[in-house]
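Geometric and topological summary
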Amino acid sequence: MLITGLLLILGLTCLVFGADWFVKGAAGLADAFGVSPLVIGLTVVAYGTSMPELVVSAVAALDGKSAIALGNVVGSNIANIGLILAITALISPPSVDGGLIKREIPILLVSAALVPLALRNGVISRAEGIALIIGAIAFTIATVRYSKSAPAGDQLISETISETVAEIAETKATSSTLRLVLIGLAGLALLLQGGRWFVG
């Protein structure tokens with residue numbers, strides 16, 4: 001029991017640091033290849049921060065524990081909205097950008113509704129999985145396109161760009177290309193190992 005608990009904590013620690021290193025390395029490399037900070041923020045950083053959940057679900061599925069993968073997805077969304085957003089509101093009520101309500105909220109509601117719809121027959125098929133991936137890619141492309149033409153006053157977009165630029169500048173200032181590669185690979189290795197320990 002003690003060993004199991006320690007492996008769970010160690011796995012979680014590896015996932016946290018692994019995701020951070022992977023995002024820093026990948027974002028720094030993308031910038032070195034001339035990718036704009038906006039695109040990096042809406043793709044590399046956005047998806048990179050979800051890497052722990054992705055790795056845990058992938059490892060669980062490969063180990064034949066698909067129920068963990070499904071529970072991870074549903075549970076993380078409940079925690080993000082019901083716990084994290086709630087705690088944030090208790091500490092400092094967030095101001096909501098009007099564009100968020102018009103663009104992201106409908107997509108959030110539709111994607112949440114697709115889960116029980118896909119599970120109506122008790123299983124999410126490969127075809128449904130492919131359809132969901134296509135939807136995620138389409139939404140990302142649409143977001144990037146909108147962001148490039150968004151008004152300068154779009155608060156959500158402005159904050160995303162500012163945070164991304166600051167993160168990339170900090171990483172590039174202290175890292176060569178080789179070091180960025182090593183940071184990204186080390187992060188990926190930690191993610192994979194942390195996912196195995198965490199699921200186990």
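In case you missed it, the structure is sitting above this.
In this report, we go over the structure that sits alongside the text. (Residues numbered from 1 in each chain as written. Predicted model: local features only at pLDDT ≥ 70, side-chain atom pairs only at ≥ 80, totals over all residues. Heavy atoms only, no water.)

What follows is about the overall build of the chain. A count of helices and strands for the chain gives eight helices and zero strands. Ordered by position from N to C terminus, the α and β elements of the chain give α-α-α-α-α-α-α-α. Residue burial in the chain is summarised as follows: out of 200 residues, 26% are buried. Pairs at least 24 residues apart make up 78% of the contacts formed inside the chain by residues separated by at least 6 positions. When the accessible area of the chain is evaluated, it comes to approximately 12,500 Å², of which 73% is carbon and sulfur surface. (Helix = DSSP H or I, 4+ residues; strand = E, 2+ residues; numbered from the N terminus. Buried < 20%, exposed > 50% of the residue type's maximum accessible area, 1.4 Å probe, protein only. Contact = heavy atoms within 4.5 Å. Areas by Shrake-Rupley, 256 points an atom, 1.4 Å probe, with all protein chains shown as cover.)

With that settled, the discussion passes to helix H2 (residues 37–48). For H2, spanning twelve residues, the distance from its first C-alpha to its last is only 14 Å, which falls clearly below the expected 16 Å at 1.5 Å a residue. Among the residues making up H2, those that are buried are Leu38, Val39, Ile40, Gly41, Leu42 and Gly48. (Expected span 1.5 Å × (residues − 1).)

Inside soluble globular proteins, nonpolar side chains tend to come together where they are buried. Of all hydrophobic cores here, the largest spans ten residues; its members are Leu15, Ala19, Met51, Val55, Val56, Val59, Ala60, Ala69, Leu191 and Val199. Looking at this core, the elements that each hand over two or more residues are helix H1 (2–32), helix H3 (51–62) and helix H8 (177–199). Among the elements that take part in this core, H3 stands out by supplying five residues, more than any other. (Core = buried A, V, L, I, M, F, W, Y, C linked by side-chain atoms within 4.5 Å.)

The subject of this paragraph is helix H4 (residues 66–91). In this model H4 runs 36 Å from its N-terminal to its C-terminal C-alpha over 26 residues, within 8% of the 38 Å that 1.5 Å per residue would give. Among the residues of H4, those classed as buried are Ala69, Asn72 and Ser76.

What follows concerns the packing of H2 against helix H6 (residues 126–149). In contact at an axis separation of 9 Å, H2 and H6 are set at 150° when each is read in the N-to-C sense. By the criterion of interaxial angle, the relationship of H2 to H6 is roughly antiparallel. Our pair here, H2 against H6, has a crossing hand that is right-handed. Contacts from Leu38, Val39, Leu42, Thr43 and Tyr47 in H2 reach Ala136, Ile137, Thr140, Thr143, Val144, Ser147 and Lys148 in H6. (Axes fitted to C-alpha atoms, helices over the stretch in contact; angles between N-to-C directions. Parallel < 35°, antiparallel > 145°, perpendicular 65-115°, else oblique. Left-handed = near helix turned anticlockwise from the far one by under 90°.)

In this section: the layout of surface pockets. Quantified by volume, the second largest pocket comes out at close to 180 Å³. If you list the elements that add at least two residues to the lining of the second largest pocket, you get H1, H3, H4 and H8. (1 Å grid on protein atoms, 1.4 Å probe; cavity = no way out; pocket = protein on both sides within 12 Å on 5 of 7 lines; lining within 4 Å. Points joined across faces, edges and corners; volume = space filled by probe spheres on them.)

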